[in-house]
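Fold and contact review
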Amino acid sequence: MFRQYNQSSWRNFRIFLASVVVALTFFLALSYERISTRDYLTNLRSDLSREVGIIRARIEGTINANANTSRAFAAILAAHPEMENDHLSQIASFLLNGSSRLREIAAAPDLVIRFVYPLRGNEAALGLDFRKTPSQYGAVKKALSVGGTVIAGPVTLVQGGKAFIIRVPVPSQQPGKKWWGIISGVLDFDTFLKASGLDVASRKFDIALRGADGTGAQGTPFLGRGAIFANDPILADIAFPNGAWQLAVAPAGGWPTHAPDYLWARGYFAAGGLLMLAIILGATWLVQKRQQAEAVLASAIEAIDAGFALFDADDRLIAFNSNYYDVYKAAGYEVILGTPFITLLRNGLERKIFPDAIGREQEWLSERMRAHRQERSSIEQHLASGRWISIRERRTPDGGSVGIRVDITALKQAREAAEAANRAKSEFLNTMTHELRTPLTVILGFTPILSNLGTMPSVRALQDLLDRPDADIDAVRKAVARVVAEISGFATTMDRSGKHLLSLVNDILDLSKAEAGRIEIAPTALDLDGLLATVVEQFTPEAERKGIHLGHQPSGLSVLADEVRLRQILVNLVGNALKFTDSGEIGITAHDMGEQVEIRVRDTGCGIPEDAIDNIFATFTQIDTSDTRRAQGTGLGLAITKKLVTLHGGTIRVESTPGKGSTFAFTMPKPPDRNVAA
Ligand code: ADP
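Presented here is an overview of the structure given in this document. (Residues numbered from 1 in each chain as written. Predicted model: local features only at pLDDT ≥ 70, side-chain atom pairs only at ≥ 80, totals over all residues. Heavy atoms only, no water.)

What follows deals with the pattern of salt bridges. Evaluation of the coordinates by the stated rule reveals 27 salt bridges. For E33, the salt bridge identified is with R266, shortest N-O distance 2.8 Å. Of the two residues, E33 sits in helix 1 (residues 7–79) while R266 sits in helix 6 (residues 262–303), which places them 233 residues apart along the sequence. Exposure remark for R266: the relative accessible area of 39% places this residue in the partly exposed category. Across the salt bridge formed by E598 and R600, the nearest N and O atoms sit 2.7 Å from each other. Here E598 falls in the buried class, since its relative accessible area comes to 5%. (Salt bridge = Lys/Arg side-chain N within 4 Å of Asp/Glu carboxyl O. Helix = DSSP H or I, 4+ residues; strand = E, 2+ residues; numbered from the N terminus. Buried < 20%, exposed > 50% of the residue type's maximum accessible area, 1.4 Å probe, protein only.)

Laid out in structure tokens, this is it:
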């Protein structure tokens, strides 16, 4: 049989599949995005780190170059502390116009500015005493205390703008005095930005610098937004003499949250997910349609009012309906999908469900397989359960086969019954012809003689006697008596034959009436003993002639029956008993069975063979139908008898032992109890 088809479970299954696909796609897309973002950020970081390295190198280069310029100036002054300003200006001019980016340089012996180059625009600086200028004294003091270069700033200059100030202490040559003074190189902030490439880099990245006055990572920011430090930037420490800055670089606008192609990736995943969804839903739709078709086919096959089985090209059972299943289930085994046809047959043979195969299994199997392999075959199969199955098989174009099983048990039985009835009717016709012809032949045998009395020897003798003139009256009387005796003998024989014919015709009429339901009975309360006595009396001469004892046992019972019909029943049964008994006795007894009275007619006759007893009450049945049979009859007596008994509400049965005798017993209702009724 087929799988069950369920619309709603399919819908649920599809919703489940769609959810799985959506969830899976979402999960994959998310994982991919996470990995690609991480890779992208890693690459970005390493690219940026490289950039940061370059920027740091340029910053350090710029600072160191300018610090070196300042240190060179300091070294000259340390060697020639008494050098004239003009001479100093020449040296400063030489140094500042070289590779240096310093905007100006100042010398402050004893921490008071006495020399500035270039002087123009910086005149105000001359005479500035660092000790009295707190905003600058810190860095100056630091340079003196560490004894080396200190980068201060950026600071806002008196003359405007922002700049770093490189302070270089100048040692003193005078004994007891450590420092001659200090050199200050001013590096313009914007120049610094340009020289270190920070101006260009700032356009590409978020850049910040902190550690004003060389205070390193702890110092305050002096370039870019301080917030950049909090945004996970690439950090680089920029080291210079006696101080450090910290450089922070992050991609412009902050770190990206996705790889640049993430929208495309999402699009690809969405498209892939949709495609997968379409394929899966399409596939489930096809499977569903197939199952739906199978379900339609299965219900159609199930609706067939016969057993249906389908075998594939390998001869395996691939579909069957419950009628098919039931046929074999009733016969004793369960058919299972996938079983090869030959295995089904072998299973059946093992369980002996095919009676006609018993004892010739191999032969039967090959005959059955031969029929099965034919293009079309039609078989009637008898099963051990007693059922008959019509099997029709036909090959399908793909090499399989379709089989239809129809239970024809009833048909078979009806056919057998019809055949039996037909046989009985033919036998009846034979019998009837014979039975009717015998008395008719007798009658017709006498009529020519009677219509032409002159041909009778006795009549001729009488005529001869009368023609004689000396006819003796006594002789004439005797001749007349002979004629009369001969004619009355003929009449008696004709009468008997006529009566026999009449009884035959009456039997046929009775039966046809009974079959048409046209016999009406008028039951009255009858005294059984009286009725039985008259029947016994009727048959006594015949019984005596055969030397059989015939009698009945008085019972004092009454029955409620139609007198004429009850007599007919008894006459039939006693008549049959007499017919089929050659010696011994025939006894009639009546028995009180409660509601009914059972009347039994027992004989010691030839009895009835066992195989004939079931059919004995059927119409036209005679056990011995040969022309040479011992007793006359039509085969109608018992059929009529049974119908009459049934009409009274009774039943009839027979027990018989061949060679020993038979007992026919029938019941009749009792009349209502008068005492109870009163
Ligand atoms: P028939 O007119 O041929 O007797 P019945 O219907 O009365 O027809 O009987 C049918 C057949 O039953 C008889 O032909 C006979 O073979 C068998 N039969 C009936 N009664 C007896 C009996 N008492 N003993 C043996 N056979 C009997």
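That covers the picture; the talk isn't over yet.
Turn by turn, an α-helix covers 3.6 residues, leaving residues three or four places apart pointing in a common direction. Relative to the 27 Å expected for 19 residues at 1.5 Å per residue, helix 13 (residues 528–546) spans 26 Å between its end C-alpha atoms, a close match to the ideal helical length. The sharpest bend along helix 13 comes to roughly 45°, located at T540, with the proline P541 sitting one to four residues further on. Within helix 13, the full set of buried residues consists of L528, D529, L531, L532, V535, V536, F539 and A543. Elements that come into contact with the buried residues of helix 13 comprise strand 15 (524–527), strand 16 (549–552), strand 17 (558–561), helix 14 (563–579), strand 18 (585–592) and strand 19 (596–603). Backbone nitrogen of D529 and a side-chain oxygen of the N-cap are separated by 3.4 Å at the start of helix 13; the cap is D527. G547, located one to two residues past helix 13, shows a positive phi value of around 70°. (Expected span 1.5 Å × (residues − 1). Bend = angle between axes of the 7 residues up to and from the residue. Contact = heavy atoms within 4.5 Å. Polar contact = N/O pair within 3.5 Å; in protein donor to acceptor, adjacent residues only side chain to side chain.)

Mapped onto the secondary structure, L383 falls in the loop between strand 12 (376–382) and strand 13 (388–395). Note on L383: relative accessible area 2%, which makes it buried. Spatially, the C-alpha atoms of L383 and A331 are 6.9 Å apart, while their sequence positions differ by 52 residues.

Let us now look at the pairing of strand 5 (residues 179–188). Within strand 5, 9 of the 10 residues are buried, which leaves it mostly tucked inside the rest of the structure. Relative to strand 5, strand 1 (residues 104–109) runs antiparallel, the two sharing 6 bridges. Across the sheet, P109 pairs through a bridge with G181, a residue of strand 5. (Pairing = 2+ DSSP bridges.)

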